[in-house]
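Spelled out from the first residue to the last, the chains are:
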Amino acid sequence: MSTSAHPDGIQQGNRLDPWFDAYAERAHNLRASEIRALFSVVSRPEVVSLAGGMPNLKDLPLDRLAESAKRLITAHGAQAMQYGSGQGWEVLRDRITEVMSYDGIIGADPDDVVVTTGSQQALDLMTEIFVDPGDVILAEAPSYVGALGVFRARQADVVHVPMDADGIIPEALEQTIHDVRASGRTIKLIYIIPNYHNPAGVTLSLERRPIIAEICMREHVLIMEDNPYGLLGFHNDPLPALKSFSPEGVVYLGSFSKMFAPGFRIGWAYAPHAIRDKLVLASESAILSPSMVGQMAIADYLSDYDWYGQVKAFRSMYAERAHAMLTALGEFMPDCRWTVPEGGFYTWVTLPEGLDAKSMLPRAVKARVAYVSGTAFYYDGQGADHLRLSFCYPTPEDIREGVRRLSTVVNAEKELVDMFGTSGRSADDGPGVGPRRPIGPAGAPAPDTL
Ligand SMILES: Cc1ncc(COP(=O)(O)O)c(C=O)c1O
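How each quantity is defined
- Residues numbered from 1 in each chain as written.
- Predicted model: local features only at pLDDT ≥ 70, side-chain atom pairs only at ≥ 80, totals over all residues.
- Buried ≥ 20, exposed ≤ 12 C-beta atoms within 10 Å, placed from the backbone.
- Helix = DSSP H or I, 4+ residues; strand = E, 2+ residues; numbered from the N terminus.
- Pairing = 2+ DSSP bridges.
- Right-handed = clockwise from strand over helix to strand, strands pointing away.
- Core = buried A, V, L, I, M, F, W, Y, C linked by C-beta atoms within 7 Å.
- Contact = placed C-beta atoms within 7 Å.
- Near = placed C-beta within 6 Å.
- Axes fitted to C-alpha atoms, helices over the stretch in contact; angles between N-to-C directions.
- Parallel < 35°, antiparallel > 145°, perpendicular 65-115°, else oblique.
- Left-handed = near helix turned anticlockwise from the far one by under 90°.
- Nonpolar A, V, L, I, M, F, W, Y, C, P; charged D, E, K, R; others polar.

## Here we look at the pairing of strand β8 (residues 187-192)
Looking along a regular strand, one sees side chains alternate from face to face of the sheet.
(1) Moving on: Most of β8 sits inside the fold, with six of its six residues counted as buried.
(2) Moving on: By the bridge criterion, four bridges tie strand β5 (residues 136-141) to β8 in an arrangement that is parallel. Among the inter-strand pairings, Leu138 is bridged to a residue of β8, identified as Ile190.
(3) Moving on: The handedness of the β8 to strand β9 (residues 222-226) crossover, carried by helix α7 (residues 208-219), is right-handed.

So this is what it looks like as structure tokens:
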């Protein structure tokens, strides 16, 4: 792309964007996620989308929410429509400590809670206050695409730590910390999604939680624990949060997006006191204060509605959909392996050797099914032998049909690879290439695991 010359020798961008040369260096790290790039195609009605992670809100009590909004504006309009505290409304912060008690965080101090615009903003604030360009953030392999986008935008370097079916592997974590430090780089944070992982679908086991907390404390690596799906176990209550094992070593991020709804864009960070101070300052500088009307509506929902009953309704709806997906995978995709989630929205599929999820995607969309290629969930282009399937949104019937369509594409690709040889890439689960013990057809999803 040519740049046009200014008479004074000043560079003037290019034909598409005259301000191209004016952007800060970090702006060049902003990229559309692979998921967003897909949006226009996969939202066509004829396509079964197993790609997006939007919560399914069909069972939300909309009448009740409308009444609450009316009451709120009528009785407390002047407050609801005003700016609020940068740290967040104290009534909601109080309610949030109750919500966290379901995660084994007992007796949390509301003064250490910072309300944010979704947990996505908390991820950004944490990166802003801790990470200088080139600093290392450790993240599971694979990891949440939206977090990787934040880390990239803030010029962090991400090093992935291998996981298996029980979550992040303690020995691999110790080795990675050692290797990164030996290479002269500085580790600032480790980012962990302990429950019903996005995208891997696995949960960090109870046994490993204190071990991971202890390693990070000993090695002086701050944990950023991201837990938007924690309450959405199909049959089990949440395991105790990492924060409960290491109160001073963990910043816990929570969100109302999946246990209630993302529309109000309310999440939070629960941090050791000194970090909380910095988060408030950074948040005030970014947004002044979180939405007051959203905070009041959520506080009302938590106070006056059986919100936990609603969570249970969501749990069984997602369990039914997960069951439909795992059953269909067992029936139609015997050559693949996949993780068996016990909650949340996702399963992580390993393709037969030689197949490439990224290059296969256009053919899948042509066959009217969409997924997200595993490459979206790595910082460094790994993951082409994996794909993420989400079961949260389509009906069980559509999920089954989507998996059937996907199987025709996978089978056709496999035939080609068998005929013409592999692409040379191995689909075995070496370090950093996804869960090491994914449960595939051999351990086909027993109905009672869901
Ligand atoms: C693991 C994870 N963290 C954070 C978020 C962001 O959620 P929020 O809507 O609270 O910003 C998501 C959204 O999908 C997610 O999957």
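Structure's up, so let's keep going.
## Re the nonpolar core
One broad trend across soluble globular proteins is that nonpolar side chains are buried collectively.
(1) Moving on: Core analysis: the largest hydrophobic core is formed by 122 residues, its most contacted members being Val251 and Met325.
(2) Moving on: Among the elements that take part in this core, helix α11 (residues 307-332) stands out by supplying nine residues, more than any other.
(3) Moving on: When residues no more than four places from it in sequence are discounted, the contact partners of Met325 are Thr347, Leu389, Phe391, Ile399 and Val403.

## Examining the site of the ligand
(1) Moving on: Around the ligand there are 14 residues in total, and Gly118, Ser119, Gln120, Ser255 and Ser257 lie nearest to it.
(2) Moving on: Ranked by residue count, the leading element in the shell around the ligand is helix α4 (residues 118-130), at three residues.

## Regarding unusual backbone geometry
For residues that are not glycine, phi is negative in most cases, and the peptide bond is trans in most cases.
(1) Moving on: With omega at 5°, the peptide bond leading from Ala141 into Pro142 counts as cis.
(2) Moving on: Residues other than glycine seldom take positive phi values, yet Tyr196 does so here, at roughly 50°.
(3) Moving on: Examined against the element boundaries, Tyr196 turns out to sit in the loop between β8 and α7.
(4) Moving on: Residue Tyr196 is classed as buried on the basis of its C-beta count, with 27 C-beta atoms lying within 10 Å.
(5) Moving on: With phi around 65°, Leu288 is a residue other than glycine that occupies positive phi space.
(6) Moving on: Here Leu288 lies in the loop between α9 (273-287) and α10 (292-304).

## Overview of the packing of helix α2 (residues 62-80) against α10
(1) Moving on: Orientation of α2 relative to α10, taken along the N-to-C sense of each, is 135°, at an axis distance of 10 Å. Taken together, the axes of α2 and α10 lie oblique to each other. The element α2 and its partner α10 pack so that their crossing is right-handed. In contact with Ser68, Ala69, Leu72, His76, Gln79 and Ala80 of α2, α10 contributes Met292, Val293, Met296, Ala297, Asp300 and Tyr301.
(2) Moving on: Counted by class, the contact of α2 with α10 contains eight nonpolar, three polar and one charged residues.

## A word on the environment of Ser68
(1) Moving on: By secondary structure assignment, the location of Ser68 is in helix α2.
(2) Moving on: For Ser68, a count of 19 C-beta atoms within 10 Å gives the class partly exposed.
(3) Moving on: C-alpha of Ser68 to C-alpha of Ala297: the two residues are 229 residues apart in sequence and 7.1 Å apart in space.
(4) Moving on: Ignoring anything within four residues of it in the chain, the contact list for Ser68 reads Ala297, Asp300 and Tyr301.

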